[in-house]
Amino acid sequence: MTKCQNFKNNLKLCNCTYEPCSRKGICCECISYHRQQNELPACYFSQKDEKIYNRTISFFKTKN
Ligand code: SF4
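Since we're looking at a predicted model, the values are computed, not measured.

Visitor: How would you summarise the site of the ligand if you had to cite specific residues and measurements?
Guide: Taken together, Cys-16, Tyr-18, Cys-21, Arg-23, Lys-24, Cys-30, His-34, Pro-41, Ala-42 and Arg-55 are the residues near the ligand. Looking at the shell around the ligand residue by residue, the class counts come to 6 nonpolar, 1 polar and 3 charged.

Visitor: Could you give an account of the environment of Cys-16, with specific residues and numbers?
Guide: The residue Cys-16 is located in the loop between helix 1 (7–13) and helix 2 (27–36) in this model. Given the relative accessible area of 16%, Cys-16 is considered buried. Between the C-alpha atom of Cys-16 and that of Phe-45, which follows or precedes it by 29 residues, the distance is 9.3 Å. Excluding residues within four positions of it along the chain, Cys-16 makes contact with Lys-24, Ala-42, Glu-50 and Arg-55.

Visitor: Now, about the state of the cysteines: what can you tell me, with residues and values included?
Guide: Summed over all chains, the structure comprises 0 disulfides. Free of any disulfide, Cys-14 has its nearest neighbouring cysteine sulfur in Cys-16, separated by 5.1 Å. Cys-4 provides the cysteine sulfur closest to Cys-28, a residue in no disulfide bond, and the two sulfurs are 6.2 Å apart. Residue Cys-28 is classed as exposed on the basis of its relative accessible area, which comes to 57%.

Visitor: Describe the side chain of Asn-10, and please don't skip the residues or the numbers.
Guide: Looking at the secondary structure, you find Asn-10 in helix 1. At 3.0 Å, the side chain of Asn-10 forms a polar contact with the backbone oxygen of Gly-25.

Visitor: Any chance you could break down unusual backbone geometry for me, citing the residues and the numbers?
Guide: Unlike most non-glycine residues, Asn-38 shows phi in positive territory, near 60 degrees. Structurally, Asn-38 can be placed in the loop between helix 2 and helix 3 (47–50). Unlike most non-glycine residues, Tyr-53 shows phi in positive territory, near 65 degrees. Within the secondary structure, Tyr-53 sits in the loop between helix 3 and helix 4 (57–63).

Visitor: An account of the pattern of salt bridges is requested, with residue identities and associated values reported.
Guide: Summed over all chains, the structure comprises 3 salt bridges. With a shortest N-O distance of 3.6 Å, Asp-49 and Lys-63 are connected by a salt bridge. You can see Asp-49 sitting in helix 3 and its partner Lys-63 sitting in helix 4, a full 14 residues away along the chain. Asp-49 sits in the buried class, given a relative accessible area of 9%. Residues Arg-55 and Glu-50 are paired through a salt bridge, measuring 3.0 Å at the closest nitrogen-oxygen approach. Both residues of the pair, Arg-55 and Glu-50, belong to the buried class.

Criteria and cut-off values
Residues numbered from 1 in each chain as written. Predicted model: local features only at pLDDT ≥ 70, side-chain atom pairs only at ≥ 80, totals over all residues. Heavy atoms only, no water. Near = heavy atom within 4 Å. Nonpolar A, V, L, I, M, F, W, Y, C, P; charged D, E, K, R; others polar. Helix = DSSP H or I, 4+ residues; strand = E, 2+ residues; numbered from the N terminus. Buried < 20%, exposed > 50% of the residue type's maximum accessible area, 1.4 Å probe, protein only. Contact = heavy atoms within 4.5 Å. Disulfide = S-S within 2.5 Å. Polar contact = N/O pair within 3.5 Å; in protein donor to acceptor, adjacent residues only side chain to side chain. Salt bridge = Lys/Arg side-chain N within 4 Å of Asp/Glu carboxyl O.

Here you go:
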């Protein structure tokens, strides 16, 4: 598999603290994964809320 050419820049911008994730820095996989779960990626949440690891759209709506 070809590595994403934006991988390093994506990592710099990524606020996700879930370290074991293999999708980190590969935003298309991150979005696709969370979309399938009816969720949003970490970057939709504040740094404080991201750490809760509740990525649901319903949680997002309570914050916005
Ligand atoms: S938001 Fe989800 S898929 Fe994306 S890097 Fe974090 S844990 Fe992985």
